[in-house]
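Read off the chains here:
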Amino acid sequence: MDKLEKLLSQVRVYVNEDKQRRAEAFRRGECYNVFNVLGVDNMELSHSAFLAALLNPDGSHGMQDAFLKAFIDTIAHGGTKPELDTAHAKVYTEYNIGNITETTGGRIDILITDHSDTGSGKVGGHAIIIENKIWAADQPNQLVRYNNFAHEMYAKYALLYLTLNGEGPSDQSRGTLDAQDGGYRCISYRSDIIGWLHKCAQLAFDKPRVRETINQYINLLQQLTNQNTMEQKQLIQLLTNKENFEQACAIADTMPAVKQYMVETTLREQLKDDRYEITDCTYDRGNFGGISLRPKSWNHCIIKFEFEKYNGTTDLCYGILDE
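As a starting point, this report considers the structure included with it. Since this is a predicted model, take the numbers as computed values, not measurements.

1. Quick look at the overall build of the protein chain
Piece 1. Within the protein chain, the regular secondary structure consists of 10 helices and nine strands.
Piece 2. Counting over 323 residues, the protein chain shows a buried share of 40%.
Piece 3. Split by element, the accessible area of the protein chain, about 18,600 Å² in all, is 51% carbon and sulfur.

Printed below as a string of C-alpha coordinates:
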(Lines give C-alpha, C1' and ligand atoms only; values in the text may rest on other atoms or scores of the structure.)
Protein backbone atom coordinates (compact mmCIF):
# COMPACT_ATOMS: atom_id res chain seq x y z
CA MET A 1 0.00 0.00 0.00
CA ASP A 2 2.89 2.35 0.71
CA LYS A 3 4.16 1.81 -2.84
CA LEU A 4 0.72 2.62 -4.26
CA GLU A 5 0.45 5.79 -2.18
CA LYS A 6 3.92 6.86 -3.29
CA LEU A 7 3.02 6.28 -6.94
CA LEU A 8 -0.25 8.18 -6.64
CA SER A 9 1.64 11.05 -5.01
CA GLN A 10 4.05 11.18 -7.96
CA VAL A 11 1.17 11.06 -10.45
CA ARG A 12 -0.55 13.91 -8.60
CA VAL A 13 2.55 16.08 -9.14
CA TYR A 14 2.47 15.44 -12.90
CA VAL A 15 -1.27 16.13 -13.12
CA ASN A 16 -0.95 19.43 -11.25
CA GLU A 17 2.01 20.49 -13.39
CA ASP A 18 0.05 19.67 -16.53
CA LYS A 19 -2.89 21.77 -15.31
CA GLN A 20 -0.52 24.70 -14.84
CA ARG A 21 0.96 24.20 -18.32
CA ARG A 22 -2.52 24.13 -19.85
CA ALA A 23 -3.48 27.32 -18.01
CA GLU A 24 -0.32 29.08 -19.26
CA ALA A 25 -0.94 27.86 -22.82
CA PHE A 26 -4.50 29.19 -22.63
CA ARG A 27 -3.29 32.62 -21.51
CA ARG A 28 -0.81 32.73 -24.41
CA GLY A 29 -3.54 31.88 -26.92
CA GLU A 30 -1.96 28.54 -27.79
CA CYS A 31 -5.26 26.70 -27.25
CA TYR A 32 -7.02 28.62 -30.00
CA ASN A 33 -8.09 26.26 -32.77
CA VAL A 34 -10.37 27.28 -35.60
CA PHE A 35 -11.76 23.73 -35.88
CA ASN A 36 -12.86 23.82 -32.23
CA VAL A 37 -14.40 27.26 -32.71
CA LEU A 38 -16.44 26.03 -35.68
CA GLY A 39 -17.53 22.87 -33.86
CA VAL A 40 -15.95 20.59 -36.44
CA ASP A 41 -15.07 18.01 -33.78
CA ASN A 42 -18.69 16.79 -33.72
CA MET A 43 -19.41 17.14 -37.46
CA GLU A 44 -18.58 13.98 -39.39
CA LEU A 45 -19.28 15.59 -42.77
CA SER A 46 -16.80 18.37 -42.01
CA HIS A 47 -14.07 15.84 -41.22
CA SER A 48 -14.73 14.09 -44.52
CA ALA A 49 -14.70 17.40 -46.38
CA PHE A 50 -11.34 18.44 -44.90
CA LEU A 51 -9.70 15.06 -45.58
CA ALA A 52 -11.06 15.03 -49.13
CA ALA A 53 -9.74 18.54 -49.76
CA LEU A 54 -6.22 17.43 -48.82
CA LEU A 55 -6.49 14.23 -50.85
CA ASN A 56 -7.68 16.08 -53.96
CA PRO A 57 -4.78 16.56 -56.46
CA ASP A 58 -6.66 19.60 -57.80
CA GLY A 59 -7.15 21.07 -54.32
CA SER A 60 -6.36 24.65 -53.40
CA HIS A 61 -3.49 23.45 -51.19
CA GLY A 62 -1.29 23.60 -54.30
CA MET A 63 0.49 20.33 -53.53
CA GLN A 64 -1.01 18.45 -56.51
CA ASP A 65 -0.95 14.71 -55.72
CA ALA A 66 1.78 14.80 -53.03
CA PHE A 67 -0.71 14.46 -50.15
CA LEU A 68 -2.57 11.64 -51.90
CA LYS A 69 0.66 9.71 -52.51
CA ALA A 70 1.59 10.14 -48.85
CA PHE A 71 -1.84 8.82 -47.83
CA ILE A 72 -1.44 5.70 -49.96
CA ASP A 73 2.00 5.08 -48.47
CA THR A 74 0.55 5.48 -44.97
CA ILE A 75 -2.36 3.07 -45.31
CA ALA A 76 -0.19 0.40 -46.94
CA HIS A 77 1.07 -0.59 -43.47
CA GLY A 78 4.06 -2.25 -45.08
CA GLY A 79 1.76 -4.36 -47.25
CA THR A 80 0.16 -3.97 -50.65
CA LYS A 81 -0.51 -0.40 -51.74
CA PRO A 82 -3.86 0.43 -53.32
CA GLU A 83 -3.36 1.03 -57.04
CA LEU A 84 -4.28 4.51 -58.20
CA ASP A 85 -3.18 6.96 -60.88
CA THR A 86 -2.78 9.77 -58.36
CA ALA A 87 -2.00 12.48 -60.91
CA HIS A 88 -5.42 12.01 -62.55
CA ALA A 89 -7.47 11.05 -59.50
CA LYS A 90 -10.78 12.67 -58.64
CA VAL A 91 -12.10 12.96 -55.10
CA TYR A 92 -15.79 13.04 -54.13
CA THR A 93 -17.61 13.36 -50.81
CA GLU A 94 -21.11 12.00 -50.06
CA TYR A 95 -20.99 10.21 -53.43
CA ASN A 96 -24.46 8.92 -54.29
CA ILE A 97 -24.52 5.33 -55.57
CA GLY A 98 -28.30 5.03 -55.78
CA ASN A 99 -31.30 4.29 -53.60
CA ILE A 100 -30.62 1.96 -50.71
CA THR A 101 -31.66 -1.67 -51.05
CA GLU A 102 -30.43 -4.67 -49.08
CA THR A 103 -27.29 -5.01 -51.21
CA THR A 104 -26.93 -1.74 -53.16
CA GLY A 105 -27.08 2.03 -52.84
CA GLY A 106 -26.19 4.70 -50.30
CA ARG A 107 -23.74 7.57 -50.06
CA ILE A 108 -19.98 6.98 -49.88
CA ASP A 109 -18.27 9.37 -47.44
CA ILE A 110 -15.09 9.74 -49.54
CA LEU A 111 -14.51 8.24 -52.99
CA ILE A 112 -11.14 8.56 -54.71
CA THR A 113 -10.94 7.20 -58.24
CA ASP A 114 -8.87 7.47 -61.41
CA HIS A 115 -11.77 6.07 -63.45
CA SER A 116 -12.90 8.72 -65.92
CA ASP A 117 -16.28 7.05 -66.43
CA THR A 118 -17.37 7.10 -62.79
CA GLY A 119 -21.11 6.59 -62.66
CA SER A 120 -21.41 5.15 -66.17
CA GLY A 121 -21.49 1.53 -65.06
CA LYS A 122 -18.34 0.58 -67.03
CA VAL A 123 -15.77 -1.55 -65.27
CA GLY A 124 -12.27 -0.08 -65.17
CA GLY A 125 -9.80 2.04 -63.28
CA HIS A 126 -9.02 2.00 -59.57
CA ALA A 127 -10.63 3.44 -56.46
CA ILE A 128 -10.25 4.00 -52.73
CA ILE A 129 -13.50 4.10 -50.78
CA ILE A 130 -13.46 5.53 -47.24
CA GLU A 131 -16.31 4.97 -44.81
CA ASN A 132 -15.76 7.63 -42.13
CA LYS A 133 -17.17 6.75 -38.71
CA ILE A 134 -16.59 9.12 -35.78
CA TRP A 135 -19.88 9.19 -33.88
CA ALA A 136 -22.45 7.75 -36.29
CA ALA A 137 -23.60 4.14 -35.97
CA ASP A 138 -23.23 1.60 -38.77
CA GLN A 139 -26.07 1.14 -41.20
CA PRO A 140 -27.33 -2.30 -42.24
CA ASN A 141 -25.09 -3.86 -44.93
CA GLN A 142 -23.28 -0.55 -45.38
CA LEU A 143 -19.86 -1.98 -46.25
CA VAL A 144 -21.52 -4.76 -48.24
CA ARG A 145 -23.33 -2.20 -50.42
CA TYR A 146 -20.18 -0.16 -51.01
CA ASN A 147 -18.17 -3.27 -51.80
CA ASN A 148 -20.78 -4.42 -54.33
CA PHE A 149 -20.68 -1.02 -56.02
CA ALA A 150 -16.88 -1.03 -56.21
CA HIS A 151 -16.81 -4.61 -57.49
CA GLU A 152 -19.03 -3.62 -60.41
CA MET A 153 -17.30 -0.31 -61.14
CA TYR A 154 -13.55 -0.79 -60.76
CA ALA A 155 -10.84 -3.17 -61.84
CA LYS A 156 -9.14 -2.82 -58.41
CA TYR A 157 -10.18 -0.98 -55.27
CA ALA A 158 -9.57 -0.63 -51.53
CA LEU A 159 -12.41 -0.33 -49.03
CA LEU A 160 -11.31 1.52 -45.87
CA TYR A 161 -13.22 1.71 -42.59
CA LEU A 162 -12.02 4.82 -40.72
CA THR A 163 -12.73 5.35 -37.00
CA LEU A 164 -11.12 7.37 -34.22
CA ASN A 165 -9.24 4.44 -32.72
CA GLY A 166 -9.33 1.73 -35.41
CA GLU A 167 -12.40 -0.20 -34.26
CA GLY A 168 -13.88 -2.70 -36.69
CA PRO A 169 -17.33 -2.43 -38.28
CA SER A 170 -20.39 -4.09 -36.80
CA ASP A 171 -21.59 -7.43 -38.09
CA GLN A 172 -24.66 -5.79 -39.60
CA SER A 173 -22.45 -3.46 -41.67
CA ARG A 174 -19.81 -5.88 -42.95
CA GLY A 175 -22.04 -8.89 -43.55
CA THR A 176 -19.84 -11.68 -44.91
CA LEU A 177 -16.94 -9.35 -45.73
CA ASP A 178 -13.75 -10.35 -43.91
CA ALA A 179 -10.83 -8.03 -43.20
CA GLN A 180 -8.48 -11.01 -43.15
CA ASP A 181 -9.43 -11.84 -46.74
CA GLY A 182 -8.91 -8.25 -47.88
CA GLY A 183 -12.60 -7.39 -48.06
CA TYR A 184 -11.94 -4.16 -46.18
CA ARG A 185 -9.22 -2.53 -44.11
CA CYS A 186 -9.57 -0.73 -40.76
CA ILE A 187 -7.66 2.51 -40.31
CA SER A 188 -7.72 5.07 -37.50
CA TYR A 189 -7.51 8.79 -36.91
CA ARG A 190 -5.33 8.01 -33.87
CA SER A 191 -2.42 6.56 -35.86
CA ASP A 192 -3.02 6.47 -39.63
CA ILE A 193 -4.61 9.87 -40.23
CA ILE A 194 -2.50 11.76 -37.69
CA GLY A 195 0.64 10.07 -39.05
CA TRP A 196 -0.33 11.00 -42.60
CA LEU A 197 -1.12 14.59 -41.59
CA HIS A 198 2.33 14.97 -40.03
CA LYS A 199 3.78 13.93 -43.40
CA CYS A 200 1.54 16.46 -45.15
CA ALA A 201 2.69 19.25 -42.82
CA GLN A 202 6.31 18.38 -43.61
CA LEU A 203 5.61 18.32 -47.35
CA ALA A 204 3.98 21.77 -47.09
CA PHE A 205 7.02 23.28 -45.34
CA ASP A 206 7.05 26.21 -47.78
CA LYS A 207 3.29 26.84 -47.60
CA PRO A 208 2.74 28.25 -44.09
CA ARG A 209 -1.02 28.71 -44.39
CA VAL A 210 -1.55 25.10 -45.48
CA ARG A 211 0.97 23.77 -42.97
CA GLU A 212 -0.51 25.57 -39.97
CA THR A 213 -4.08 24.61 -40.90
CA ILE A 214 -3.00 20.96 -41.00
CA ASN A 215 -1.26 21.35 -37.64
CA GLN A 216 -4.43 22.79 -36.10
CA TYR A 217 -6.40 19.83 -37.42
CA ILE A 218 -3.80 17.44 -35.98
CA ASN A 219 -4.29 19.16 -32.63
CA LEU A 220 -8.06 18.64 -32.89
CA LEU A 221 -7.62 14.91 -33.64
CA GLN A 222 -5.24 14.53 -30.72
CA GLN A 223 -7.96 15.98 -28.50
CA LEU A 224 -10.56 13.62 -29.95
CA THR A 225 -8.32 10.59 -29.46
CA ASN A 226 -7.09 11.75 -26.04
CA GLN A 227 -3.38 11.50 -26.74
CA ASN A 228 -0.01 13.18 -26.91
CA THR A 229 -0.36 15.61 -24.03
CA MET A 230 2.78 16.46 -22.10
CA GLU A 231 1.16 14.91 -19.03
CA GLN A 232 0.64 11.57 -20.83
CA LYS A 233 4.22 11.37 -22.09
CA GLN A 234 5.59 11.99 -18.62
CA LEU A 235 3.14 9.56 -17.05
CA ILE A 236 4.15 6.85 -19.51
CA GLN A 237 7.77 7.28 -18.49
CA LEU A 238 6.80 7.17 -14.81
CA LEU A 239 4.47 4.16 -15.02
CA THR A 240 6.74 2.04 -17.22
CA ASN A 241 9.50 2.34 -14.66
CA LYS A 242 10.27 -1.17 -13.37
CA GLU A 243 9.57 -0.14 -9.78
CA ASN A 244 6.14 1.31 -10.64
CA PHE A 245 4.80 -1.00 -13.34
CA GLU A 246 3.19 -3.59 -11.05
CA GLN A 247 1.41 -0.91 -9.03
CA ALA A 248 0.28 0.85 -12.22
CA CYS A 249 -1.27 -2.41 -13.50
CA ALA A 250 -3.08 -2.87 -10.19
CA ILE A 251 -4.58 0.62 -10.49
CA ALA A 252 -5.55 0.07 -14.13
CA ASP A 253 -7.30 -3.21 -13.31
CA THR A 254 -9.31 -1.49 -10.59
CA MET A 255 -10.34 1.64 -12.54
CA PRO A 256 -13.51 0.23 -14.19
CA ALA A 257 -14.83 -0.71 -10.76
CA VAL A 258 -13.77 2.69 -9.35
CA LYS A 259 -15.65 4.55 -12.09
CA GLN A 260 -18.69 2.33 -11.62
CA TYR A 261 -18.61 3.02 -7.88
CA MET A 262 -18.40 6.78 -8.42
CA VAL A 263 -21.32 6.78 -10.85
CA GLU A 264 -23.44 4.62 -8.55
CA THR A 265 -22.65 6.56 -5.37
CA THR A 266 -21.36 10.11 -5.86
CA LEU A 267 -23.25 10.88 -9.08
CA ARG A 268 -26.44 9.16 -7.97
CA GLU A 269 -26.39 11.09 -4.67
CA GLN A 270 -25.85 14.43 -6.42
CA LEU A 271 -28.79 13.81 -8.77
CA LYS A 272 -31.22 12.55 -6.12
CA ASP A 273 -34.49 14.44 -6.49
CA ASP A 274 -38.15 13.61 -5.76
CA ARG A 275 -39.20 14.93 -9.16
CA TYR A 276 -37.70 12.03 -11.12
CA GLU A 277 -36.38 8.51 -10.72
CA ILE A 278 -32.96 7.20 -11.74
CA THR A 279 -33.62 4.35 -14.18
CA ASP A 280 -30.05 3.43 -15.07
CA CYS A 281 -26.73 4.15 -13.42
CA THR A 282 -23.75 2.30 -14.86
CA TYR A 283 -20.27 2.77 -16.23
CA ASP A 284 -19.42 -0.78 -17.20
CA ARG A 285 -21.67 -1.71 -20.11
CA GLY A 286 -21.10 -1.29 -23.86
CA ASN A 287 -19.17 1.67 -25.25
CA PHE A 288 -20.80 4.27 -23.02
CA GLY A 289 -21.50 4.68 -19.33
CA GLY A 290 -23.53 7.18 -17.38
CA ILE A 291 -26.89 7.78 -15.85
CA SER A 292 -30.54 7.97 -16.98
CA LEU A 293 -33.31 10.00 -15.35
CA ARG A 294 -37.06 9.79 -15.88
CA PRO A 295 -39.16 12.76 -14.72
CA LYS A 296 -42.23 11.32 -12.99
CA SER A 297 -44.55 13.20 -15.32
CA TRP A 298 -42.97 11.62 -18.44
CA ASN A 299 -44.24 8.33 -19.83
CA HIS A 300 -42.03 7.56 -22.81
CA CYS A 301 -38.90 9.72 -22.57
CA ILE A 302 -35.81 9.79 -20.37
CA ILE A 303 -32.91 12.19 -19.87
CA LYS A 304 -29.51 10.56 -20.46
CA PHE A 305 -26.00 11.64 -19.51
CA GLU A 306 -23.24 9.51 -21.05
CA PHE A 307 -19.45 9.34 -21.11
CA GLU A 308 -17.52 7.71 -23.91
CA LYS A 309 -15.69 4.97 -22.01
CA TYR A 310 -12.59 4.95 -24.22
CA ASN A 311 -11.70 8.46 -23.08
CA GLY A 312 -12.44 7.97 -19.40
CA THR A 313 -14.96 10.53 -18.19
CA THR A 314 -14.32 13.16 -20.83
CA ASP A 315 -16.67 13.85 -23.75
CA LEU A 316 -19.89 14.05 -21.77
CA CYS A 317 -22.97 14.03 -23.97
CA TYR A 318 -26.55 14.48 -22.86
CA GLY A 319 -30.02 14.66 -24.31
CA ILE A 320 -33.57 13.36 -24.27
CA LEU A 321 -34.22 9.81 -25.49
CA ASP A 322 -37.63 8.76 -26.78
CA GLU A 323 -38.04 5.12 -25.78
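2. Details of the pattern of salt bridges
Piece 1. The final tally for this structure, using the stated rule, is 12 salt bridges.
Piece 2. Measuring nitrogen to oxygen at the nearest pair gives 3.2 Å for the salt bridge that ties Lys272 to Glu269.
Piece 3. Put simply, Glu24, Arg27 and Arg28 are held in one network by salt bridges that share partners.

3. Quick look at helix α3 (residues 44–55)
Piece 1. Spanning 12 residues, α3 covers 17 Å between terminal C-alpha atoms, matching the ideal 16 Å at 1.5 Å per step.
Piece 2. For α3, the full list of buried residues reads Glu44, His47, Ser48, Phe50, Leu51, Ala52, Leu54 and Leu55.

4. Points about the sheet that holds strand β3 (residues 126–132)
Piece 1. On the basis of which strands lie adjacent, the open sheet formed by five strands has the order β1-β2-β3-β4-β5 and mixed pairing. Each end of this open sheet is capped by a strand with a single partner; those strands are β1 (90–96) and β5 (185–188). Adjacent strand axes in the sheet meet at a mean angle of 30 degrees when their direction is disregarded.
Piece 2. Where β1 and strand β2 (residues 107–113) come together, six bridges link them in antiparallel fashion. Opposite Asn96, over in β2, you have Arg107 as the bridge partner.
Piece 3. Strands in contact with α3 are β1, β2, β3 and β4 (156–163); relative to β1, the strand with the most contacts, it is inclined by about 160 degrees.
Piece 4. Contacts from helix α4 (residues 66–75) reach β2, β3, β4 and β5, with the element oriented near 115 degrees to β5.

5. Comments concerning the packing of aromatic side chains
Piece 1. In total, this model carries eight aromatic pairs according to the counting rule given.
Piece 2. Ring centres 5.2 Å apart and planes at 75 degrees place the aromatic pair Phe35 and Phe50 in the edge-to-face group. Here Phe35, found in helix α2 (residues 34–37), pairs with Phe50, found in helix α3; they are 15 residues apart in sequence, far enough to count as distant.
Piece 3. Among the aromatic residues, ring-to-ring pairing joins Tyr92, Tyr95, Phe149 and Tyr154 into one connected group.

6. With respect to the side chain of Ser48
Piece 1. Within the fold, Ser48 resides in helix α3.
Piece 2. Judged by its relative accessible area of 4%, Ser48 falls in the buried class.

7. Describing helix α1 (residues 2–27)
Structural remark: α-helix, 3.6 residues per turn; residues separated by three or four positions point the same way.
Piece 1. Here α1 contains 26 residues, and its C-alpha end-to-end distance of 38 Å stays within 8% of the 38 Å for a straight helix at 1.5 Å per residue.
Piece 2. Looking at α1, one finds that the buried residues are Leu7, Asp18 and Ala25.
Piece 3. Taken from the residues just after α1, Gly29 is the one with a positive phi, measuring 80 degrees.

8. What to know about the nonpolar core
Piece 1. In terms of nonpolar packing, the biggest core is built from 42 residues, with Ile112 and Trp196 touching the most fellow members.
Piece 2. Residue assignment for this core shows that the elements contributing at least two residues are α3, α4, β2, β3, β4, α7 (189–203) and α8 (208–224).
Piece 3. Not counting the four nearest positions on each side in its chain, Trp196 is found in contact with Leu51, Leu54, Leu55, Phe67, Ala70, Phe71 and Thr74.
Piece 4. If you look at the next biggest cluster of nonpolar residues, it comprises 16 residues, including Ile108, Leu143, Ala150 and Leu159.

9. What to know about the environment of Asn219
Piece 1. Residue placement: Asn219 occurs in helix α8.
Piece 2. Since its relative accessible area comes to 33%, Asn219 is described here as partly exposed.
Piece 3. Spatially, the C-alpha atoms of Asn219 and Asn33 are 8.0 Å apart, while their sequence positions differ by 186 residues.
Piece 4. At 2.8 Å, the side chain of Asn219 forms a polar contact with the side chain of Gln223.

10. Quick look at the environment of Gln260
Piece 1. Here Gln260 lies in helix α10 (residues 242–270).
Piece 2. Residue class for Gln260 comes out buried when judged on its relative accessible area of 14%.
Piece 3. When the C-alpha atoms of Gln260 and Thr282 are compared, they prove to be 6.0 Å apart, with 22 residues separating the residues in sequence.

What counts, and where the lines are drawn
Residues numbered from 1 in each chain as written. Predicted model: local features only at pLDDT ≥ 70, side-chain atom pairs only at ≥ 80, totals over all residues. Heavy atoms only, no water. Helix = DSSP H or I, 4+ residues; strand = E, 2+ residues; numbered from the N terminus. Buried < 20%, exposed > 50% of the residue type's maximum accessible area, 1.4 Å probe, protein only. Areas by Shrake-Rupley, 256 points an atom, 1.4 Å probe, with all protein chains shown as cover. Salt bridge = Lys/Arg side-chain N within 4 Å of Asp/Glu carboxyl O. Expected span 1.5 Å × (residues − 1). Pairing = 2+ DSSP bridges. Axes fitted to C-alpha atoms, helices over the stretch in contact; angles between N-to-C directions. Contact = heavy atoms within 4.5 Å. Phe/Tyr/Trp six-rings, centres within 6.5 Å; stacked < 30°, edge-to-face > 60°. Core = buried A, V, L, I, M, F, W, Y, C linked by side-chain atoms within 4.5 Å. Polar contact = N/O pair within 3.5 Å; in protein donor to acceptor, adjacent residues only side chain to side chain.

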